[in-house]
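Spelled out, the chains give:
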Amino acid sequence: EMQVVESGGGLVKPGGSLRLSCAASGFTFSSYSMNWVRQAPGKGLEWVSSIHSNSDYIYYADSLKGRFTVSRDDANNSLHLQMNSLSAEDTAVYYCAMETTTTGAFDIWGRGTMVTVSS
Amino acid sequence: DIQMAQSPSSLSASVGDRVTITCRASRTIRKSLNWYQQKPGRAPKLLIFAASSLQSGVPSRFSGSESGTDFTLTINGLQPGDFATYYCQQNYNTPWTFGQGTKVEIK
């Protein structure tokens with residue numbers, strides 16, 4: 001079964017940093033594009049970042065202003081999101097989502113990890 | 001950026017009803033439009049991809065259509081498990097963008 005599981009969320013002070021991880025299993029991780037999507041409490045979905053297989057293409061939402069960095073470790077079937085200079089506006093559930101087909105739709109999602117930025 | 005205007009933001013319906021949700025793209029996205037269902041406390045679930053293709057395992061009462069920059073999700077015969085929030089998403093150009101969501105509630 002194809003599965004992704006996020007970890008690394010928690011409570012962090014404004015201005016702090018956090019590194020999220022997404023562990024993949026049940027498929028050849030290196031073959032697929034991966035994404036981060038977040039959802040603030042009571043709000044809608046917001047795409048954060050995408051990284052293609054081989055890391056040849058990487059995209060970010062403009063709103064992140066260079067504070068986040070996505071990376072992948074194909075040897076260990078994992079995806080990461082380094083988040084710096086966090087503010088209350090970054091408080092959200094962060095989902096890892098993958099595209100298993102060339103359509104680009106996000107067809108496998110993790111359960112998410114909660115990030116709370118508060119003093 | 002491509003904006004996705006989704007409507008309505010919420011609706012009330014009864015079991016068995018036909019429900020339609022619309023997304024309008026701010027410019028052409030061809031057929032690069034996906035629909036997701038999200039239940040409270042759960043991750044989104046892909047229902048429809050490429051505007052009208054049904055994701056494997058999704059009941060056939062869900063369907064999608066496209067007319068220019070207007071996209072529609074239709075649920076024919078609403079079931080109790082369909083009460084949820086639905087989102088459209090374009091994957092034509094980055095940044096990928098979602099609609100604001102439509103909450104389908106029980107009348």
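See the structure shown above.
In this text the structure is predicted, and so the values were computed from the model without any measurement. (Residues numbered from 1 in each chain as written. Chains lettered and ligands numbered in written order. Predicted model: local features only at pLDDT ≥ 70, side-chain atom pairs only at ≥ 80, totals over all residues. Heavy atoms only, no water.)

Trainee: I'd like a rundown of the sheet that holds strand β8 (residues 78–83) of chain A, residues and numbers included.
Mentor: In sheet architecture, strand pairing relies on hydrogen bonds along the backbone and comes in two forms, parallel and antiparallel. Residue and element names in this part refer to chain A. Strand order in the open sheet made by the 4 strands is β1-β3-β8-β7, with antiparallel pairing throughout. Two strands bound the open sheet, and with one partner strand each, they are β1 (3–7) and β7 (68–73). Strand-to-strand twist in this sheet, taken as the mean axis angle between neighbours without regard to direction, amounts to 15 degrees. Examined bridge by bridge, β1 and strand β3 (residues 18–25) share 5 bridges and lie antiparallel to one another. (Pairing = 2+ DSSP bridges. Helix = DSSP H or I, 4+ residues; strand = E, 2+ residues; numbered from the N terminus. Axes fitted to C-alpha atoms, helices over the stretch in contact; angles between N-to-C directions.)

Trainee: Kindly report on unusual backbone geometry, identifying the contributing residues and their values.
Mentor: Looking along the chain, the bond that leaves S7 of chain B and enters P8 of chain B is cis, with omega of -5 degrees. Looking at the element boundaries, P8 of chain B is found in the loop between β1 (4–7) and β2 (10–13). Geometrically, the link from T94 of chain B to P95 of chain B is a cis peptide bond, its omega value of 0 degrees lying close to zero. Mapped onto the elements, P95 of chain B comes out in the loop between β9 (85–90) and β10 (97–98). Notably, S55 of chain A is not glycine yet its phi reads approximately 60 degrees, a positive angle. As for its placement among the helices and strands, S55 of chain A is situated in the loop between β5 (45–51) and β6 (58–60). Residue S55 of chain A is classed as partly exposed on the basis of its relative accessible area of 33%. (Buried < 20%, exposed > 50% of the residue type's maximum accessible area, 1.4 Å probe, protein only.)

Trainee: A description of the pattern of salt bridges should follow, citing residues and the corresponding values.
Mentor: Residues and elements named next belong to chain A. All told, the structure shown has 8 salt bridges over all chains when counted by the stated rule. The salt bridge partner of R72 is D74, with a shortest N-O separation of 2.8 Å. You can call D74 partly exposed: its relative accessible area is 25%. Through salt bridges with shared partners, a single network forms among R38, E46, R67 and D90. (Salt bridge = Lys/Arg side-chain N within 4 Å of Asp/Glu carboxyl O.)

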